[in-house]
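Here's the letter readout for the chains.
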Amino acid sequence: MKVAITTQDNDIDALVDPRFGRAAWFIIVDPESEEWTAVDNRANADAGGGAGVQAGTIVADQGVGAVITGNVGPNAHRTLAAAGVSVYQAGNGVTAREALRRYKAQELPVVTTPTVAGHWS
Amino acid sequence: MEPRELVVISGKGGTGKTSVVAAFAALAGGAVLADCDVDAADLHLVLRPELGEPHDFSSRSCAVIEPDPCTGCGRCAEVCRFDAVSRSPDDEYSIDTIACEGCALCMRVCPADAIRMESVVNGVWMVSTTRFGPLVHARLGVAEDNSGKLVTHVRKEARATALREGLPLILADGAPGIGCPVIASLTGAHFVLAVTEPTVSGRHDLERVLQVVRGFRLPFAVLVNKADLNPELTEAVTADVLAQGALFARTVDYDPAVTAAQVAGVDVVTYGGRAAAAIEEAWNETARALAVTEEGDVSHA
Amino acid sequence: MLRIAVASGKGGTGKTTLAVNLAALLADQGHGVRLLDADVEEPDCHLFLHPHDESSAPVDVLIPVVDDARCTACRVCADVCAFNAITVIGSSVLVFPELCHSCGACPLLCPESALHEESRTTGQVRRGTVDRPGASFELVTGVLTVGEAKPVPVTKAVRAAGEREGADVVLVDAPPGTSCPVIESVRGADLVVLVTEPTPFGLNDLRLAVEMVRALGLRAVVAINRAGVGDDRTLRYCEEEGLEVVLELPDDRRIAEAYSRGELLVDALPELRQLFESMWRRIVNAVTAQEVRP
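Here's what I pulled together on the structure shown here. Here the structure is a predicted model, which is why all the values come from computation and not from measurement.

## A short note on the pattern of salt bridges
Scanning the entire structure with this criterion turns up 47 salt bridges over all chains. The partner of Glu271 of chain C in a salt bridge is Arg254 of chain C, with the nearest N and O atoms 3.2 Å apart. Linking Glu271 of chain C in the loop between α10 (265-268) and α11 (273-292) with Arg254 of chain C in helix α9 (residues 253-260), this pair joins segments that are 17 residues apart in sequence. On the basis of relative accessibility, which here comes to 43%, the residue Arg254 of chain C falls in the partly exposed class. A single network of salt bridges, built from pairs that share partners, joins Glu98, Arg101, Arg102 and Glu107 of chain A.

Structure follows, in structure tokens:
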């Protein structure tokens, strides 16, 4: 099942963006073939409230089974949980490619509660 | 290298938060400064930056009624929950741009397609240059809301500036209150210093804003400014916040040099005095705490 | 009824000090005064006035609720929401109450009529009685629940409480700044008293506050707290802008200490009463002058 990785640029070798809702890009990748596409989230990253809801809906619509990111707030967490998407935390300063490798090696911690408090606008 | 971000907040205004941030800027030895108090941005008054290019900021849209297609049916006024649609004596409808929250419901229900949404420029932001480092600051248009979004933008630019210039620290002058702007100042930060004063209202407001900080599970410390104004209350506040998990609580006694520095347009460290020495000690402790939370950040990353 | 709002471009300038002391003084003079604490994020008037017999009423906003039996997951609600407060994942609708502005778009535009609205509490309006020697007055306090981001509905509820009969002077302690909740607090005031300190920060923030008051078509006067502490730029600015200075409260450590203990200045330092009395006369004159203007 496909995976979404939040990144700072539109490339699988870009660094993981530690924010979920306000990430610049989502790299949507098939872990088997490692074929990937980039989804632009920059408009949402600049939006006011509800970035987590919007981002959660975008990745759910991509049909992914998991998200790899830094932190998720309560709204994003609820949206992703409703879509049955698991959330994994990548470490600091790693590329999406490296995060994917660790995910496949089952080295990434899974997140079952929001990791940061919400931000409402 | 991800920059570390220290946010200085106060709950209540007038406690000396901005003076503390300016002093820290002088002591940090290279940081990006972010003025998140966009409603009443004052940091530039003591840092005297060389102003950067101003950029427009737009965070909301507002309904506009075209008079030509409008048939005057009044459906827009009926559905608006914000009292933003008004009717002139000669039956012309218009939108109060201050009251409009941009929900676009009027546009959607207008049978004559006479309403469109337009984005509103409601602030400016810039990256200026100070002798202590780049300063990202902004100004919200008067009578504008959504300052939380501008705060988020200032912090985003501060982070980008820190990455671009290889600076390890962002020093943010946080927004007042407990609502959206302060929440926007805190989200994703690494360490919080709350500046308060030993007054009944200072204590009350500190309690409320620390509830917000604890909601974020952020490490925090407290600086009691003008501590000698009410030594008993200073002691009580200090004990309170340590019991609530503050990493440390420091005090700074009242010193007329703080206001004198402001009048002279410099930070209090440059100006000198008793308060400057106490603030320097608080900075040293804050810097140590930032370093420690960095090591302890693995679970959070 | 006279409506006077007390505001300031930045916090900590003495806005609450001015409001609570003026309210007490007016009650002492026999005025039917009501004080509204509209600084709902940090309401502090009660710390100085110790109201008793407080009653509390919830402030409710409306949020959409889904009727699953009718919902077809068509996504119209999510598409029309300007605030990302409702989304559709698979066949279920998720509502995010903290993001909702209660605009009413989704229930009105849902093609299946599958949404209705229910109340959600985001704050309180407290009413209490403040006793003064020989008289008492009402303090109405708006309190935003900690963790809630939207103060305006609470501010509106406080203002509505001020419209009730039974007072000839309504004083409003507005939040600091120039944004939405401030505007909601000062709307409809006969005069706005802007409190500042004669410092560079104070002056910068006063300019913004004056701009806001003028944008709203209201009239302002200025009260200077800690007079003598900084420089004379604030007085010069007021003169240039034609802003009357109705009070200069001296920079005096005894004032700061009384404030720190939550004491009223009109009680702790009775010699200051005449300053507040003369401020009130100037406020009344300013309002009257405005009314007779062509």
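## Structural notes on the interface of chain C and chain B
Chain C puts 59 residues into the contact, and the matching count from chain B is 54 residues. Buried area between chain C and chain B, both sides added, is near 4600 Å², and the carbon and sulfur share of it is 56%. It is Glu42, Val146 and Phe201 of chain C in chain C that bury the most area against chain B; as a group they hold 15% of the surface buried on that side. Where chain C meets chain B, there are four salt bridges. The residue Glu211 of chain C makes a salt bridge to Arg139 of chain B at a minimum N-O spacing of 3.2 Å. Put simply, chain C and chain B have 21 residue pairs in polar contact (both at pLDDT 80 or more) between them. Residue assignment for the side of chain C that touches chain B shows that the elements contributing at least two residues are α2 (45-49), α3 (76-80), α4 (105-109), β7 (135-144), α6 (180-186), α7 (200-215) and α9 of chain C. Of all the elements, α7 of chain C adds the most residues to the side of chain C that touches chain B, at eight residues.

## Looking at the packing of aromatic side chains
One pass over the structure, following the stated rule, counts four aromatic pairs over all chains. Taking the centre distance of 5.1 Å and the plane angle of 80° together, the rings of Tyr88 of chain A and Tyr103 of chain A count as edge-to-face. Here Tyr103 of chain A lies in helix α4 (residues 96-104) and Tyr88 of chain A lies in strand β5 (residues 86-89), a separation of 15 residues in the sequence. Over the ring of Phe96 of chain C we find Arg78 of chain A; its NZ or CZ atom is 4.6 Å from the centre of that ring.

Criteria and thresholds
Residues numbered from 1 in each chain as written. Chains lettered and ligands numbered in written order. Predicted model: local features only at pLDDT ≥ 70, side-chain atom pairs only at ≥ 80, totals over all residues. Heavy atoms only, no water. Salt bridge = Lys/Arg side-chain N within 4 Å of Asp/Glu carboxyl O. Helix = DSSP H or I, 4+ residues; strand = E, 2+ residues; numbered from the N terminus. Buried < 20%, exposed > 50% of the residue type's maximum accessible area, 1.4 Å probe, protein only. Contact = heavy atoms within 4.5 Å. Buried area = accessible area lost by both parts, 1.4 Å probe. Polar contact = N/O pair within 3.5 Å; in protein donor to acceptor, adjacent residues only side chain to side chain. Phe/Tyr/Trp six-rings, centres within 6.5 Å; stacked < 30°, edge-to-face > 60°. Lys NZ or Arg CZ within 6 Å of the ring centre and 35° of its normal.

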